[in-house]
Amino acid sequence: MSDLVLVINAGSSSIKFSLFETAGAADPQVLFKGQMEGLYVEPKFTAKDAADQKVADEVLPADVPKNHDHALRHMLAWLEQRLGGREIKVVGHRVVHGGTQYSKPELVTPALIAGLEALIPLAPLHEPHNIAPIKILQDILPNAAQVTCFDTAFHTTQPELNQLFALPYEFAQKEGIRRYGFHGLSYEYIASVLPQIDTRAAEGRTVVAHLGNGSSMSALLGCECQATTMGFTALEGLPMGTRCGSIDGGVLLHLMNHLKMDAKQIETLLYKESGLLGLSGGISSDMRALQASDEPLAKFAIDYFARRIVRETASLAAAIGGLDCLVFTAGIGENDALTRALVCHQLRWLGVEIDEAANAVRSGEPRRISLADSKVAVYVIPTNEELMIARQALATI
Ligand code: AMP
């Protein structure tokens, strides 16, 4: 008899879900996936079935509560109508921050919830929204085992050399100000499939570029993380859709002292108005829109993004003593042949020889896009964070 596994990825204004059914020794299969967007404004529920057909598309009535609690109850009631009395046995939650304590998935207990609450100061914008659904589902699905899967866990193998900022040592020890890294569930998925795709890469030195609306890169040695571009928050490293990526701390002092910007204004600038959106002069944060634009600043933003990926690749390769494999994943990494080509052309000196025809192929499958004799093997591998959470939740119970 197969079991049902619910995966929840909750943010401040949306809750995404995927419902999986176990399939023996094979990976769990998706039955439904969907989301409630626009929480606290105009909640809208959409869902698709296993064949990727839309099966729900509704704006919630104006008189119902617009909060997380109601959104989850609506989702679960919708699912219940389609499950013919079958119970959801396991719930896996994406949790952004596991601090230094949680380096693997954890079964939810009162002690774990207290531990997660203690981490709120490290991720005040995200952690509370990850914790709230756990408590709500304890009420709605009292018989389900719940498991938390952390976006930071994969990076806990980084040596301290790559984790610390060059602040006085006690800032890392006492205040937890260190480079945690994020997108860990995506990297874990890539690390889990790499051995079947390329054993040399899985055993050797691989850089993975997770390029989406949020972007980061990680250096793996034998599929374990050694270094990553994101740091204390998901702001460091590459420029992103609207986030600036790494910035000289002196700029922040200048913004405060000379432009008299306060913390909230600086937060908005760094998180919401920078990156591709800011560099393109406001054209778009979306790579597809930039590719479609004839404006010189759109091209500049794309070139800038590619150049930063090139520089981070070299830095990460240095941290693992060279490069055997480069993997592109997430929305831009999987779909944007132009960005991949711009990056690979600038990495020829490192032994990257892209196969232009293979790079142009559109496919949802993992594929090699480097020439057969390229010193560095280059792959496009679609990520699957939801499946990773479902696998981890099942393995944990
Ligand atoms: P993600 O956050 O992983 O969903 O990725 C979102 C980013 O992927 C956005 O910048 C999209 O413009 C970009 N993206 C998605 N599909 C394509 C595509 N076919 N070509 C170029 N960029 C794409």
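Conventions and cut-offs
Residues numbered from 1 in each chain as written. Predicted model: local features only at pLDDT ≥ 70, side-chain atom pairs only at ≥ 80, totals over all residues. Heavy atoms only, no water. UniProt positions renumbered as here; feature names shortened; annotations may be inferred. Salt bridge = Lys/Arg side-chain N within 4 Å of Asp/Glu carboxyl O. Helix = DSSP H or I, 4+ residues; strand = E, 2+ residues; numbered from the N terminus. Buried < 20%, exposed > 50% of the residue type's maximum accessible area, 1.4 Å probe, protein only. Near = heavy atom within 4 Å. Polar contact = N/O pair within 3.5 Å; in protein donor to acceptor, adjacent residues only side chain to side chain. Areas by Shrake-Rupley, 256 points an atom, 1.4 Å probe, with all protein chains shown as cover. Contact = heavy atoms within 4.5 Å. Axes fitted to C-alpha atoms, helices over the stretch in contact; angles between N-to-C directions. Parallel < 35°, antiparallel > 145°, perpendicular 65-115°, else oblique. Nonpolar A, V, L, I, M, F, W, Y, C, P; charged D, E, K, R; others polar. Pairing = 2+ DSSP bridges.

- Going by an unreviewed UniProt entry, the chain carries the name Acetate kinase and comes from Chitinibacter fontanus.
- The record in UniProt for the chain states the following under Function (unreviewed entry): "Catalyzes the formation of acetyl phosphate from acetate and ATP. Can also catalyze the reverse reaction."
- Of the chain, the UniProt comment under Catalytic activity (unreviewed entry) reads exactly: "acetate + ATP = acetyl phosphate + ADP".

### Observations regarding the pattern of salt bridges
Here is step 1 of the chain: Applying the stated criterion across every chain, the model contains 20 salt bridges.
Here is step 2 of the chain: For the salt bridge of arginine 178 with glutamate 160, the shortest nitrogen-to-oxygen distance reads 3.8 Å. Placement of arginine 178 in the loop between helix H5 (169-175) and helix H6 (184-197) and of glutamate 160 in helix H4 (residues 160-163) is noted, with a sequence separation of 18 residues between them.
Here is step 3 of the chain: Accessibility expressed as a relative area gives 9% for arginine 178, which makes it buried.
Here is step 4 of the chain: Residue glutamate 160 is classed as partly exposed on the basis of its relative accessible area, which comes to 37%.

### Description of the site of the ligand
Here is step 1 of the chain: Around the ligand, the structure places Gly212, Asn213, Asp286, Met287, Arg288, Ala330, Gly331, Ile332, Asn335, Asp336 and Arg362.
Here is step 2 of the chain: Between an oxygen atom of the ligand and a main-chain N or O atom of asparagine 213, the distance comes to 2.8 Å.
Here is step 3 of the chain: At 3.1 Å from an oxygen atom of the ligand is found a main-chain nitrogen or oxygen belonging to arginine 288.
Here is step 4 of the chain: Against a free-state accessible area of 500 Å², the protein chains account for coverage of 72% of the ligand.
Here is step 5 of the chain: Secondary structure elements with two or more residues in the shell around the ligand: helix H11 (287-292) and helix H13 (330-335).

### Re the UniProt feature "binding site: substrate" (unreviewed entry) in the chain
Here is step 1 of the chain: Under the present numbering, the feature "binding site: substrate" (unreviewed entry) in UniProt falls on Arg94.
Here is step 2 of the chain: As for its position among the elements, arginine 94 is in strand E6 (residues 88-95).
Here is step 3 of the chain: For arginine 94, a relative accessible area of 12% gives the class buried.

### Here's the deal with the side chain of serine 218
Here is step 1 of the chain: Secondary-structure assignment places serine 218 in strand E10 (residues 215-221).
Here is step 2 of the chain: For serine 218, a relative accessible area of 0% gives the class buried.
Here is step 3 of the chain: Separated by 2.8 Å, the side chains of serine 218 and threonine 228 make a polar contact.
Here is step 4 of the chain: Ignoring anything within four residues of it in the chain, the contact list for serine 218 reads His155, Tyr187, Thr206, Val207, Val208, Cys225, Ala227, Thr228 and Leu316.

### Focus: the packing of H6 against helix H16 (residues 385-396)
Here is step 1 of the chain: As a packed pair, H6 and H16 sit with axes 8 Å apart at the nearest point and diverge in direction by 80°. Regarding the angle of H6 to H16, the classification is roughly perpendicular. Note on element contacts: H16 touches H6 through Glu385, Leu387, Met388, Ile389, Arg391 and Gln392, opposite Leu185, Ser186, Glu188, Tyr189, Ser192 and Val193.
Here is step 2 of the chain: Of the residues belonging to the contact of H6 with H16, the class tally is six nonpolar, three polar and three charged.

### A few points about the sheet that holds strand E7 (residues 106-107)
Here is step 1 of the chain: Taken together, eight strands build an open sheet; the order of strands is E5-E4-E3-E2-E1-E6-E8-E7 and the sheet is mixed. Among the strands making up the open sheet, the edge pair consists of strand E5 (54-59) and E7.
Here is step 2 of the chain: In terms of strand pairing, strand E3 (residues 26-37) meets strand E4 (residues 44-49) through six bridges, oriented antiparallel. The residue of E4 that forms the bridge with phenylalanine 32 is aspartate 49.
Here is step 3 of the chain: The strands touched by helix H2 (residues 110-118) within the sheet are E6, E7 and strand E8 (145-150), with E8 carrying the most contacts at an inclination of about 30°.
Here is step 4 of the chain: Along the sheet, H16 makes contact with strand E1 (4-10), strand E2 (15-23), E3, E6, E7 and E8, crossing E6 at roughly 125°.

### Some thoughts on the sheet that holds strand E14 (residues 377-380)
Consider a sheet: its strands pair through backbone hydrogen bonds, and that pairing is either parallel or antiparallel.
Here is step 1 of the chain: Taken together, the six strands give an open sheet; going across it, the order is E11-E10-E9-E12-E14-E13, and neighbouring strands pair in mixed fashion. Strand pairing shows two members of the sheet lacking a second neighbour, strand E11 (224-228) and strand E13 (367-368), which therefore form its edges.
Here is step 2 of the chain: With seven bridges connecting them, strand E9 (residues 205-211) and E10 associate as antiparallel partners. Opposite arginine 205, over in E10, you have leucine 221 as the bridge partner.
Here is step 3 of the chain: Set on the sheet, helix H14 (residues 337-345) makes contact with strand E12 (325-329), E13 and E14; between it and E12 the angle comes to about 160°.

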